[in-house]
Amino acid sequence: MIKLHGASISNYVNKVKLGILEKGLEYEQIRVAPSQEEEFLKISPMGKIPVLEIDGRFVFESTAILEFLDDFYPETPRLIPNDPWEAARIREITTLIENYLDIPARRIYLLSSRGKDVPPGLAEEIHPILTKGVKALQRVVRFSPYIAGDRFTLADCSAFANLTVIEESLRPFYPTDHPLDLLSGLKEYFTFMKSQKGPALVEKEKQTLFKILARAKVKVE
Ligand SMILES: N[C@@H](CCC(=O)N[C@@H](CS)C(=O)NCC(=O)O)C(=O)O
């Protein structure tokens, strides 16, 4: 049985969970937080989540995990197509989303989600960086109905997990000029994905956890 280590609030845990669900694999989620403890670094050298465990062996880094699942369960739907050109398109989209949208967006949402002050000027500094990434993404997405075409791929795992978080968490900073508003087809894509079983479950678990954490924060304050 697959064990997925990590919390449902994490984009990258959710990215892997979307792939596992699409493949129809059974799994158990071990709800752990990132950690710099020696024991955890043995299975995740950067101390990050997610980590995948099968029969006492571990894989870390979400894309490495999903590529591993394609190889380990060859009878399940592939997340990366066999055709090298198509596979390259999928990896390109995934890289654009993670390197040029999620990493800059994190500089804001990791602070705000922990109740920390976002320094004045940071949202303005990040805005053109995100806008450049969104314009790049617009050139390669298809949304027909999946992000890279007519089938669910690794790029959907990354897009749904990351873009929903970036859209929601940065809205207070960009109420009328959110860079993701420039990505035409995104709203319809979210609606379509949320109508699908796997993404709907992932979204529900994430929102439930957000609510629990928000209530706990109110109690502490
Ligand atoms: N490149 C990593 C990113 C994973 C990642 O950043 N996970 C976050 C949670 S969403 C984390 O563990 N952060 C804690 C840390 O960076 O120490 C992957 O694709 O797995």
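Caption draft 1: Layout of the layout of surface pockets. Approximately 1200 Å³ is the volume attributed to the largest pocket. As for the largest pocket, its lining consists of 37 residues, and the residues nearest its centre are Ile 9, Ser 10, Asn 11, Tyr 109 and Leu 110. Among the secondary structure elements, those contributing two or more residues to the lining of the largest pocket are α1 (11-23), α3 (62-72), α4 (84-113), α6 (154-170) and α8 (197-220). Partitioned by chemical class, the residues of the lining of the largest pocket number 18 nonpolar, eight polar and 11 charged.

Caption draft 2: Geometry of the sheet that holds strand β4 (residues 57-60). One open sheet accounts for four strands, arranged β2-β1-β3-β4; its pairing is mixed. Pairing within the sheet leaves two strands with one partner each, and these edge strands are β2 (27-30) and β4. On average, each strand axis in the sheet is inclined to that of its neighbour by 25°, with strand direction left out of account. Inspection of the sheet shows strand β1 (residues 2-5) paired to strand β3 (residues 51-54) by three bridges, in the antiparallel sense. What sits directly across from His 5, in β3, is Val 51.

Caption draft 3: Molecular detail of the nonpolar core. Counting 59 residues, the largest nonpolar core has Leu 137, Ile 147, Leu 163 and Leu 183 as the members making the most contacts within it. Contributing elements (two or more residues each) for this core: β1, α1, β3, α3, α4, α5 (122-140), α6 and α7 (186-194). Top contributing element to this core by residue count: α6, with 10 residues. Shared between two domains, this core holds at least three residues of each, these being domain 1 (2-72) and domain 2 (84-220). Leaving out residues up to four positions away in the same chain, Leu 163 has contacts with Ile 97, Leu 101, Leu 137, Ser 158, Leu 180, Leu 183, Leu 186 and Phe 190.

What counts and how
- Numbering of residues starts from 1 in every chain and runs along the sequence as written.
- In keeping with the predicted nature of the model, local features appear solely for residues at pLDDT of at least 70, side-chain atom pairs appear and are counted solely at 80 or more, and the whole-chain, interface and lining totals rest on all residues.
- Only hydrogens and water are removed before side-chain values are computed, so all heavy atoms of the structure are retained for them.
- Lining residues are defined by having an atom within 4 Å of a point belonging to a cavity or pocket. Those points lie on a 1 Å grid over the protein atoms alone, cavities being sets where a 1.4 Å probe fits but cannot get out and pockets being open sets with protein on both sides within 12 Å along at least five of seven lines.
- Grid points are joined across faces, edges and corners, and a volume is the space filled by probe spheres set on the points.
- In this text, helices come from DSSP runs of H or I with a minimum length of four residues, and strands from runs of E with a minimum of two, each type numbered from the N-terminal end.
- Each residue gets one label: Ala, Val, Leu, Ile, Met, Phe, Trp, Tyr, Cys and Pro are nonpolar, Asp, Glu, Lys and Arg are charged, and the others, such as Gly, are polar.
- Paired strands, as defined in this entry, are two strands with at least two bridges between them according to DSSP.
- In this description, a line fitted to the C-alpha atoms serves as the axis of each element, helices being fitted only across the stretch in contact, and the angle between N-to-C directions of two axes falls anywhere from 0 to 180 degrees.
- As used here, the term nonpolar core means buried Ala, Val, Leu, Ile, Met, Phe, Trp, Tyr and Cys residues forming a set that is joined through side-chain atoms within 4.5 Å.
- Working definition: with a 1.4 Å probe on protein chains only, accessible area under 20% of the residue-type maximum means buried, over 50% means exposed, and in between means partly exposed.
- Those domain boundaries reflect an automatic or database domain assignment.
- Here a residue-residue contact requires only that any non-hydrogen atoms of the pair lie within 4.5 Å.

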